[in-house]
Amino acid sequence: AQSVSQHNHHVILSEAASLELGCNYSYGGTVNLFWYVQYPGQHLQLLLKYFSGDPLVKGIKGFEAEFIKSKFSFNLRKPSVQWSDTAEYFCAVNWGQGGKLIFGQGTELSVKP
Amino acid sequence: GAGVSQSPRYKVAKRGQDVALRCDPISGHVSLFWYQQALGQGPEFLTYFQNEAQLDKSGLPSDRFFAERPEGSVSTLKIQRTQQEDSAVYLCASSLAEGGGNTIYFGEGSWLTVV
């Protein structure tokens, strides 16, 4: 079955620390990959997406993600986090079924000022 | 409108009551999705429309759940005879066109609590 796994449930970092959040999906084929962020009290917002081409994707607010096909992974990175990055982060995958997304369980990021 | 709009934002229902949740997608968006998000979990797919056609309803958890989009714009998710396990946030999302390569925009959700 199609599934998406996020390795960390809760990550706590100090400001200026580097961030990497893991995301793996169950099997290959043609995939479209997304990272969404949900700030406290707000709706899901798109951080970045990968459809094709350069496997290193840059998104908003200094985030980037790398698609490694051989590892079925799409990890999210940011070199230096800020307190305002405190939020929940969701990885999502589409296997081309009309846009349907399968989400990971989410990673809660807490950044200490 | 500027974004996906959902109503009501909060609903408390007594067990056994029927509820209806409304979604106004972004104007002109062809595809519309419903997701269910339980506390501490990622959103789970319920159903998908392309215009007025319901193309995938594989995620609806039981026959108590029903969704419609009769004119290809506004959609309603109806839950009959609500149960406590139905308590969750129900998210509506839309995208401009069909296909997995399109960005999906989410609404703020309807928070349902069944008591």
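Check the entry above for the structure.
Read on for an overview of the structure. Remember, predicted model here, so these are calculated numbers, not experimental data. Each residue is numbered by its place in its chain's sequence as written, counting from 1. All chains are assigned letters beginning with A, and all ligands numbers beginning with 1, in the order in which they are written. Residue-level local features of this predicted model are given only where pLDDT is at least 70; pairs of side-chain atoms are given and counted only at 80 or more, and the full residue set underlies all totals for whole chains, interfaces and linings. Hydrogens and water molecules were not included; the side-chain quantities draw on all heavy atoms of the structure.

**Considering the overall build of chain B**
Our working rule: Counting from the N terminus, the helices are DSSP H or I runs at least four residues long and the strands are E runs at least two residues long. Here the radius of gyration uses the C-alpha set of atoms, whereas the globule reference equals 2.2 Å times the residue count to the power 0.38. In this scheme, a residue with accessible area under 20% of its type's maximum is buried, one over 50% is exposed, and one in between is partly exposed, where area comes from a 1.4 Å probe on protein chains only. Whether two residues touch is decided by their heavy atoms; if any such pair falls within 4.5 Å, the residues are in contact. What sets the accessible areas is the Shrake-Rupley method with a 1.4 Å probe; for residues, cover comes only from the shown protein chains. Positive charges come from Lys and Arg alone, negative charges from Asp and Glu alone, with His and the N- and C-terminal ends not counted. Where a charge sits is defined by one atom per residue type, namely NZ (Lys), CZ (Arg), CG (Asp) or CD (Glu).
From N to C terminus, chain B includes 0 helices and 11 strands. Its helices and strands in sequence order give chain B the pattern β-β-β-β-β-β-β-β-β-β-β, from N to C terminus. Relative to its length of 115 residues, chain B is compact, with a C-alpha radius of gyration of 13 Å against a globular reference of 13 Å. In terms of principal-axis extent, the alpha carbons of chain B reach across some 40 × 25 × 25 Å. In chain B, buried positions account for 46% of the 115 residues. In chain B, the proportion of contacts linking residues at least 24 apart, taken out of those at least 6 apart, comes to 53%. As displayed, chain B offers around 5500 Å² of accessible surface, 48% of which is attributable to carbon and sulfur atoms. Of the charged side chains in chain B, 10 are positive and 12 negative, and the gap between their average positions amounts to 9 Å.

**Details of the pattern of salt bridges**
Pairing is possible between side chains of opposite charge, provided their charged atoms come close. How we decide: Salt bridges, as used here, are contacts in which a Lys or Arg side-chain nitrogen is within 4 Å of a carboxyl oxygen on Asp or Glu.
Within this structure, the stated rule accounts for 9 salt bridges over all chains. Linking Lys58(A) and Glu64(A) is a salt bridge whose minimum nitrogen-to-oxygen distance equals 2.9 Å. On the basis of relative accessibility, which here comes to 61%, the residue Lys58(A) falls in the exposed class. For Glu64(A), a relative accessible area of 18% puts it in the buried group. For the salt bridge of Lys100(A) with Asp56(B), the shortest nitrogen-to-oxygen distance reads 4.0 Å. Separated into two different chains, Lys100(A) in the loop between β10 (87-94) and β11 (102-103) and Asp56(B) in strand β6 (residues 53-56) make up a pair that spans both. Take Lys100(A) and Asp56(B): they sit in the same class, and that class is buried. Each of the salt bridges in this network shares a partner with another, and the network as a whole consists of Lys58(A), Glu64(A), Glu66(A) and Arg77(A).

**A short note on the pairing of strand β5 (residues 32-38) of chain A**
Looking along a regular strand, one sees side chains alternate from face to face of the sheet. All names here are of chain A. Where we set the bar: One requirement defines pairing of two strands: DSSP has to find at least two bridges between them.
Taken across its 7 residues, β5 has 7 buried, putting it largely inside the fold. Side chains Asn32, Phe34, Tyr36 and Gln38 project from β5 onto one buried face, and the interleaved Leu33, Trp35 and Val37 project onto a second face that is buried too. The pairing of β5 with β10 spans 7 bridges and is antiparallel. Note on β10: the bridge partner recorded for Leu33 is Val93. Counting the residues between successive antiparallel strands, the hairpin from β5 to strand β6 (residues 45-50) contains 6 residues, one of them, Gly41, with a positive phi of roughly 75°.

**Quick notes on the state of the cysteines**
All names here are of chain A. We count it as follows: Two cysteine sulfur atoms form a disulfide, by the criterion used here, when they sit within 2.5 Å.
If you walk through the whole model with that rule in mind, you get 2 disulfides over all chains. Two residues share a disulfide in this structure: Cys23 and Cys91, whose sulfurs sit 1.9 Å from each other. Its torsion about the S-S bond being -65°, the disulfide of Cys23 and Cys91 is classed as left-handed. Taken together, the residues Cys23 in strand β4 (residues 23-25) and Cys91 in strand β10 connect sequence positions 68 residues apart.

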